[in-house]
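Chain and residue survey
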Number of protein chains: 2
Amino acid sequence: MAKVGFIGLGIMGAPMAANLQRGGHQLFLHDRNPVPDALVAAGGKVCHCGEEVARQSEIVIVMVPDTPHVDAVLFADDGVAKGLGAGQIVVDMSSISPLATKEFATRINALGSPYLDAPVSGGEVGAKAASLTIMVGGSQEAFDKVKPLFELMGKNITLVGGNGDGQTTKVANQIIVALNIQAVSEALLFASKAGADPVKVRQALMGGFAASRILEVHGERMIKRTFDPGFRIELHQKDLNLALQGAKALGVSMPHTASAQELMNACAANGMSKLDHSALCRVIELLSGHEIASK
Amino acid sequence: MAKVGFIGLGIMGAPMAANLQRGGHQLFLHDRNPVPDALVAAGGKVCHCGEEVARQSEIVIVMVPDTPHVDAVLFADDGVAKGLGAGQIVVDMSSISPLATKEFATRINALGSPYLDAPVSGGEVGAKAASLTIMVGGSQEAFDKVKPLFELMGKNITLVGGNGDGQTTKVANQIIVALNIQAVSEALLFASKAGADPVKVRQALMGGFAASRILEVHGERMIKRTFDPGFRIELHQKDLNLALQGAKALGVSMPHTASAQELMNACAANGMSKLDHSALCRVIELLSGHEIASK
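Residues numbered from 1 in each chain as written. Chains lettered and ligands numbered in written order. Predicted model: local features only at pLDDT ≥ 70, side-chain atom pairs only at ≥ 80, totals over all residues. Heavy atoms only, no water.

**So, the relation of the copies chain B and chain A**
Quick reminder of the rule: Each copy is superposed on the other by least squares, with the fit set by C-alpha atoms of residues at a pLDDT of at least 70 in both. In this description, contact between two residues means that some pair of their heavy atoms is separated by no more than 4.5 Å.
Of the transformation superimposing chain B on chain A, the axial component is 0.0 Å and the angular component is 180°, with the fit at an RMSD of 0.0 Å. What we have between these two chains is a two-fold relation. When each C-alpha of chain B is compared by its distance to the rotation axis, Ser212(B) comes out closest, at 2.0 Å. A shared interface surface links the copies, since 100% of the contact residues of chain B are contact residues in chain A too.

Listed below in structure tokens is the structure:
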């Protein structure tokens, strides 16, 4: 049993923390909102700041929305860094900037603490089911120590490389997911407008080179018109922003990622930012005056 | 055993015809180039025009490069239509325009002959291995009659709908394949430039929502730099041209398909039209001054 700090107990963090409790670990909890009752009832101790969490924990997990939040959690006056002693491990499971991550890791390492970036994919469903994909950057030694905790929260757990590589992999994931959604949107809209049944088209394509998880899951959403999230457009906009900021800083040309962000902006402009990202198909549907629909 | 006509005995047609011969069928063969010796040695009869093929066959299969070639094979003065009697089935396995296909089918049907459009995916490897994906448009009755022949050439065989729907599905397939290649290109180039190992990134992504056949096969090609075809860029340009012509005629907006065609034009402009379509990644690599490379 380990003493584990958990900061950020929102839609993702709360079920992840609950899975750690079920694994028998003692949790030290902090959130800017009230800590969920269920986590306290299960034995979690409420802390009033990151420093207080860090003073009591062997491993401190952070799961907050974006880069500035991680910065504040770690380096505010009463932040995690203030309470860290040598050997405690900081694990950031938020999805944030790979470049900022390298800087955060350097600053935490300077205190004698290993740092892992370990963003996840799989959403609320994966967080509850402990089936998250976890993409990790950091040292093998720190990874090995935290791995039993990761295994209580996820299934596909990969140490990709050094600090920042976990976040880089998450950004790569979000690039492919966005572009594959647009690919399926264009293909099914073309087929539907040409008079074919998108249900049959999707089925025929699943056997060949067009096969993807997105065709399987999001293709079905487009046909059945189930745009309740899932993963919201506004969150994917945040992730593509990380990709495009990174591309600018690194000097990489990503024309389709830039265009996909533009199309997501068009979704948001039409009141769809809270819908599932499969609703990206709505933009070209609106422009084409036709919806993907089963015959 | 059926009497089967086969017109178009190129890279794809020759091995497909050979597989029909292995299934015990009598073939009547025509090509504008000399018919391959092996097919004649295996009992195939050489015919001098489409009309001669049609006069002797119960089912006439066409496998030629593009829409104008199918038009000529079917409707030239000595074309297939001249030799057709009621009940013979015409099966076009070329990848051509869905809109032209509907017109061709109407003209063939007017002669009392059913028509199937049945384009394939899987390339030369799939043609030889009899593992092609076959996407069919036409009547259930004609499909049921030709199905034993399809099963000698392919594995995933789907009757998608009426005439044209097979070609529409093939176009949809090529849209998704092109856009998924660009997706993998942008993601792996970003990751590589950010300092992560694309081998590990690809591996981590295969378990989640970014998973696709293209990430698996073409992602590996990008990392290993194996750009020998496979499926050539110039052929994919032809297919995206069908997509964009169709989109214009149908009134469908497909911004990423248009952009992918543009990027393939850039490949061709840089001498890469004979390379595998996974070389699409070369465009953004050139623009970014960095190659996707294993660490």
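Further notes follow.
**Re unusual backbone geometry**
All names here are of chain A. This is how it is decided: Under the scheme used here, helices are H or I runs from DSSP no shorter than 4 residues and strands are E runs no shorter than 2 residues, and both carry numbers assigned from the N terminus. Exposed residues in this analysis have more than 50% of their type's maximum accessible area, buried residues have under 20%, and partly exposed residues fall in between, with area computed by a 1.4 Å probe over protein chains only.
Cis rather than trans, the peptide bond between proline 229 and glycine 230 has omega equal to 10°. You can see glycine 230 is positioned in the loop between helix 11 (213–224) and helix 12 (233–250). The phi dihedral of alanine 130 is positive, around 55°, even though this residue is not glycine. Note on placement: alanine 130 falls in the loop between helix 7 (123–129) and strand 8 (132–137). The exposure class of alanine 130 is buried, given its relative accessible area of 17%.

**Considerations on empty space enclosed by the protein**
Residue and element names in this part refer to chain A. Spelled out, the test is: Cavity: a set of points on a 1 Å grid over the protein atoms alone where a 1.4 Å probe fits but cannot get out. Pocket: an open set with protein on both sides within 12 Å along at least five of seven lines, its lining residues, like those of a cavity, having an atom within 4 Å of a point. Grid points are joined across faces, edges and corners, and a volume is the space filled by probe spheres set on the points. Residues are sorted three ways: Asp, Glu, Lys and Arg are charged, Ala, Val, Leu, Ile, Met, Phe, Trp, Tyr, Cys and Pro are nonpolar, and all the rest, Gly among them, are polar.
For the structure on display, the rule yields one cavity of 30 Å³ or more. Each pocket or cavity is described by its volume, and for the largest cavity that value is around 30 Å³. Around the largest cavity sit Ser95, Lys170, Val171, Gln174, Asp239 and Leu242, which together line it. The set of elements that each furnish at least two residues to the lining of the largest cavity consists of helix 9 (165–193) and helix 12. Sorting elements by how many residues they give to the lining of the largest cavity places helix 9 first, with three residues. Residue composition of the lining of the largest cavity, grouped by class: two nonpolar, two polar and two charged.

**A closer look at the nonpolar core**
To be explicit about the condition: Here, nonpolar core means buried Ala, Val, Leu, Ile, Met, Phe, Trp, Tyr and Cys residues that are tied together by side-chain atoms lying within 4.5 Å of each other.
Among the nonpolar cores identified, the biggest contains 94 residues, and Ile175(A), Val201(A), Leu205(A), Ile175(B), Val201(B) and Leu205(B) are the most heavily contacted of them. In contact with Ile175(B), not counting residues within four places along its chain, are Ala183(A), Glu186(A), Ala187(A), Phe190(A), Leu240(B), Ala243(B), Met254(B) and Thr257(B).

**Observations concerning the UniProt feature "domain: 6-phosphogluconate dehydrogenase NADP-binding" (unreviewed entry) in chain A**
The criterion, for reference: UniProt positions are given in the numbering used here, feature names are shortened, and annotations may be inferred rather than shown by experiment.
Sites flagged by UniProt as "domain: 6-phosphogluconate dehydrogenase NADP-binding" (unreviewed entry) map to residues 3–161 of chain A. Annotated as 43% helix and 25% strand, the span residues 3–161 of chain A places its first and last C-alpha atoms 26 Å apart.

**Overview of the interface of chain B and chain A**
Quick note on the threshold: By definition, the buried area sums, over both parts, the 1.4 Å-probe accessible area that each loses when the two are put together. Note on definitions: salt bridges are taken to be side-chain nitrogens of Lys or Arg within 4 Å of carboxyl oxygens of Asp or Glu. Any pair of N or O atoms that falls within 3.5 Å is considered a polar contact. Within protein, one atom must be able to donate a hydrogen and the other to accept it, and sequence-neighbouring residues count only if both atoms are side-chain atoms.
Taken residue by residue, the interface counts 63 residues in chain B and 63 residues in chain A. Three residues stand out in chain B for area buried against chain A, namely Phe190(B), Phe209(B) and His256(B), and they jointly supply 16% of the buried area on that side. Applying the counting rule to chain B against chain A returns zero salt bridges. Taken together, chain B and chain A are joined by 18 residue pairs in polar contact (both at pLDDT 80 or more). Counting residues per element, the ones that place at least two in the side of chain B that touches chain A are strand 8 (132–137), strand 9 (154–161), helix 9 (165–193), helix 10 (198–205), helix 11 (213–224), helix 12 (233–250), helix 13 (255–269) and helix 14 (281–288) of chain B. A total of 20 residues in the side of chain B that touches chain A trace back to one element, the largest contributor, which is helix 9 of chain B. In terms of residue class, the side of chain B that touches chain A is made up of 36 nonpolar, 21 polar and six charged.

**Some details on the side chain of His30(B)**
Tracing the backbone shows His30(B) in strand 2 (residues 26–30). Looking at His30(B), its side chain comes within polar contact range of the main-chain oxygen of Cys47(B), at 3.0 Å.

**Description of the domain arrangement of chain A**
Residue and element names in this part refer to chain A. The following threshold applies: All the domain ranges listed were derived from an automatic or database domain assignment.
Annotation of chain A at the domain level lists domain 1 (3–161) and domain 2 (169–288). Relative to domain 2, the C-alpha centre of domain 1 lies at a distance of 30 Å. Taken together, the contact pairs 14 residues of domain 1 with 10 residues of domain 2. Where domain 1 abuts domain 2, roughly 850 Å² becomes buried across the two surfaces, and 68% of that area is made up of carbon and sulfur atoms. At the level of elements, helix 6 (98–109) and strand 7 (120–121) are the ones that each hand at least two residues to the side of domain 1 that touches domain 2.

**Looking at the UniProt feature "domain: 3-hydroxyisobutyrate dehydrogenase-like NAD-binding" (unreviewed entry) in chain A**
The feature "domain: 3-hydroxyisobutyrate dehydrogenase-like NAD-binding" (unreviewed entry), as given by UniProt, occupies residues 164–284 of chain A in the numbering adopted here. End C-alpha to end C-alpha, residues 164–284 of chain A measures 35 Å, and it is 71% helix and 0% strand.

**Here's the deal with the packing of helix 4 (residues 67–75) of chain A against helix 6 of chain A**
Residues and elements named next belong to chain A. Condition: Only the contacting stretch of a helix is used when fitting its axis, a line to C-alpha atoms as for every element, and angles between N-to-C directions run 0 to 180 degrees. In what follows, roughly perpendicular refers to angles from 65 to 115 degrees, roughly parallel to angles under 35, roughly antiparallel to angles over 145, and oblique to any angle outside these ranges.
Between helix 4 and helix 6, the shortest axis-to-axis distance is 11 Å and the interhelical angle comes to 5°. It follows from the interaxial angle that helix 4 and helix 6 lie roughly parallel. For the pair helix 4 and helix 6, contact is made by Thr67, Val70, Asp71, Leu74 and Phe75 and by Ala100, Phe104, Arg107 and Ile108, respectively.

**As for the packing of aromatic side chains**
Working definition: an aromatic ring pair is given by the centre-to-centre distance plus the angle between the planes. Keep this limit in mind: Planes of paired rings set the category: under 30 degrees apart is stacked, over 60 is edge-to-face and the rest tilted, where pairs are Phe, Tyr or Trp rings (Trp by its six-membered ring) whose centres lie within 6.5 Å. Our definition puts a charge over a ring when NZ of Lys or CZ of Arg is within 6 Å of the ring centre and also within 35 degrees of the ring normal.
A full pass over the atoms with the stated rule returns four aromatic pairs over all chains. A centroid spacing of 5.7 Å and a plane angle of 55° characterise the contact between Phe75(A) and Phe104(A), whose relative ring orientation is tilted. Here Phe75(A) is found in helix 4, whereas its partner Phe104(A) is found in helix 6, with 29 residues between them in sequence. Of the two residues examined, Phe75(A) and Phe104(A), each falls in the buried class. Between Phe143(B) and Phe150(B), the ring centres sit 6.2 Å apart and the planes meet at 40°, which makes this aromatic pair tilted. Accessibility assignment for this pair places Phe143(B) and Phe150(B) in one class, buried. A cation over a ring is seen here: Arg107(B) above Phe75(B), with NZ or CZ 3.8 Å from the ring centre.

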